Amino acid sequence: MDARFLGIAELVEAPSVAVVVDVMRAFTVASWAFARGADKIVLAGSLDEALALKARHPDWLALKDGPPAPGFDTVNSPGLLRSMDLGGRTVVQKTTAGTVGALAVKEASLVLCAGFVVAEATARVLRTRGCNGVTFVITGEDGQAEEDLACAQYIARRATEARTDAAEFLRRAAASRAAAELAEGVRQGAHPDDVALCLELDRFPFAMVATSEDSLMVLRTCAVPDSTDAAAS
């Protein structure tokens, strides 16, 4: 597989296949939202758009980065979201990096959104669909986020190689700037368990695919068939 690892600003044209990685915390949060019963996640381009969508659909739940704010139901924290009942709900998500990265590649034929919690399922989609050229979008820190790069490289390795050891990739993520800032309380709207939750490898069995629906970028779960190739072992 020909894998490229690019920051959002480095995307000069729409890739054919894109894996958008935001470990801490957008796509860990999205994974938890689905695990808590959410039906779909609308990726908003701005805070104003998120609030407008919420105003048009009062039953939708809106979340954002940072501290709580009027109009938003919760914040971008897996530790806080994991206790919520989202059965059948639509979630509107706006974050600093993850949602921006997904919207930047909305013209791609396949857009997967990922973190460590759905790493194997994401790699399995790439394997089963025979994706030869994949652009991994490193969303954090202008493409320099070590936790996102480590996760992207792990998924790329798992897509092609059997029995890839995740330990070193997880160690790099745990030592990242984002992990330190969350642990030290630098980032607002966080829970003490956020770092640990973001580093749970393969917590969930599904992948997440973003597609355009009625002019919106919508994230949904993708059932992943059992793989019989050697890389799945």
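Residues numbered from 1 in each chain as written. Predicted model: local features only at pLDDT ≥ 70, side-chain atom pairs only at ≥ 80, totals over all residues. Heavy atoms only, no water.

## Some words on the pattern of salt bridges
Here is step 1 of the chain: All told, the structure shown has 14 salt bridges when counted by the stated rule.
Here is step 2 of the chain: A salt bridge links Glu-146 to Arg-172, with the shortest nitrogen-to-oxygen separation between them at 2.6 Å. A residue pair is termed long-range when its members are at least 10 positions apart, and Glu-146 in helix α6 (residues 146-158) and Arg-172 in helix α7 (residues 167-174) qualify at 26 residues.
Here is step 3 of the chain: Residue Glu-146 is classed as partly exposed on the basis of its relative accessible area, which comes to 30%.
Here is step 4 of the chain: Its salt-bridge partner being Glu-168, residue Arg-171 comes within 2.7 Å of it at the nearest N-O pair. (Salt bridge = Lys/Arg side-chain N within 4 Å of Asp/Glu carboxyl O. Helix = DSSP H or I, 4+ residues; strand = E, 2+ residues; numbered from the N terminus. Buried < 20%, exposed > 50% of the residue type's maximum accessible area, 1.4 Å probe, protein only.)

## Some remarks on the nonpolar core
Here is step 1 of the chain: Counting residues in each nonpolar core, the largest one holds 73 residues, and the members touching the most others are Met-24, Phe-116, Leu-126 and Phe-136.
Here is step 2 of the chain: The biggest single contributor to this core is helix α1 (residues 26-35), with seven residues.
Here is step 3 of the chain: Among the nonpolar cores identified, the runner-up in size contains ten residues, and Val-42, Val-92, Leu-216 and Val-218 belong to it. (Core = buried A, V, L, I, M, F, W, Y, C linked by side-chain atoms within 4.5 Å.)

## What about the confidence of the model for the chain?
Here is step 1 of the chain: Scored by pLDDT, the chain comes out at a mean of 94, with 97% of its residues at no less than 70.
Here is step 2 of the chain: Counted against residues more than four places away or in other chains, residues 228-233, with its pLDDT under 50, gives 13 contacts. (pLDDT = per-residue confidence, 0-100. Contact = heavy atoms within 4.5 Å.)

## Looking at the pairing of strand β10 (residues 216-222)
Here is step 1 of the chain: Counted residue by residue, β10 has five buried out of seven residues, so it is predominantly covered.
Here is step 2 of the chain: Sheet topology note: the strand β3 (residues 40-43)/β10 ladder contains three bridges and is antiparallel. Its bridge partner lying in β10, Ile-41 is registered against Leu-219.
Here is step 3 of the chain: Connecting strand β9 (residues 207-213) to the antiparallel partner β10 that follows it, the hairpin turn spans two residues, and Asp-214 within it adopts a positive phi of roughly 55 degrees. (Pairing = 2+ DSSP bridges.)

## Here's the deal with the pairing of strand β7 (residues 110-114)
Here is step 1 of the chain: Counting buried residues in β7 gives five out of five residues, a clear majority hidden from the surface.
Here is step 2 of the chain: With burial as the criterion, each face of β7 is covered, one bearing Leu-110, Leu-112 and Ala-114 and the other bearing Val-111 and Cys-113.

## Here's the deal with α6
Here is step 1 of the chain: Between the first and last C-alpha of α6 there are 18 Å, a value that for 13 residues agrees with the 18 Å anticipated at 1.5 Å per step.
Here is step 2 of the chain: All buried positions along α6 are accounted for by Glu-147, Asp-148, Ala-150, Cys-151, Ala-152, Tyr-154, Ile-155, Ala-156 and Arg-158. (Expected span 1.5 Å × (residues − 1).)

## Re helix α2 (residues 47-56)
Every α-helical turn comprises 3.6 residues, leaving residues that sit three or four positions apart pointing alike.
Here is step 1 of the chain: Looking only at α2, the buried set comprises Ala-50, Leu-53 and Lys-54. Taken end-on, α2 shows its buried residues confined to a sector of 100 degrees, consistent with a single buried face. In this structure, α2 carries Asp-48, Ala-55 and Arg-56 as exposed residues pointing more than 90 degrees from its buried face. (Arc of directions from axis to C-beta.)

## With respect to the packing of α6 against α7
Here is step 1 of the chain: Running from amino to carboxyl end, α6 crosses α7 at an angle of 165 degrees, the nearest separation of the two axes being 7 Å. With respect to α7, the axis of α6 lies roughly antiparallel. The element α6 and its partner α7 pack so that their crossing is left-handed. In contact with Glu-146, Glu-147, Leu-149, Ala-150, Gln-153, Tyr-154 and Arg-157 of α6, α7 contributes Phe-169, Arg-172 and Ala-173.
Here is step 2 of the chain: Considered class by class, the residues forming the contact of α6 with α7 number five nonpolar, one polar and four charged. (Axes fitted to C-alpha atoms, helices over the stretch in contact; angles between N-to-C directions. Parallel < 35°, antiparallel > 145°, perpendicular 65-115°, else oblique. Left-handed = near helix turned anticlockwise from the far one by under 90°. Nonpolar A, V, L, I, M, F, W, Y, C, P; charged D, E, K, R; others polar.)

## A closer look at unusual backbone geometry
Here is step 1 of the chain: Cis geometry marks the peptide bond from Met-24 to Arg-25, where omega comes out at 25 degrees.
Here is step 2 of the chain: Of note, Asp-142 is a non-glycine position whose phi angle comes to about 55 degrees, a positive value.
Here is step 3 of the chain: In this fold, Asp-142 is placed in the loop between β8 (133-138) and α6.
Here is step 4 of the chain: Backbone geometry places Asp-202, a non-glycine residue, at a positive phi of 55 degrees.
Here is step 5 of the chain: Mapped onto the secondary structure, Asp-202 falls in the loop between α9 (194-198) and β9.

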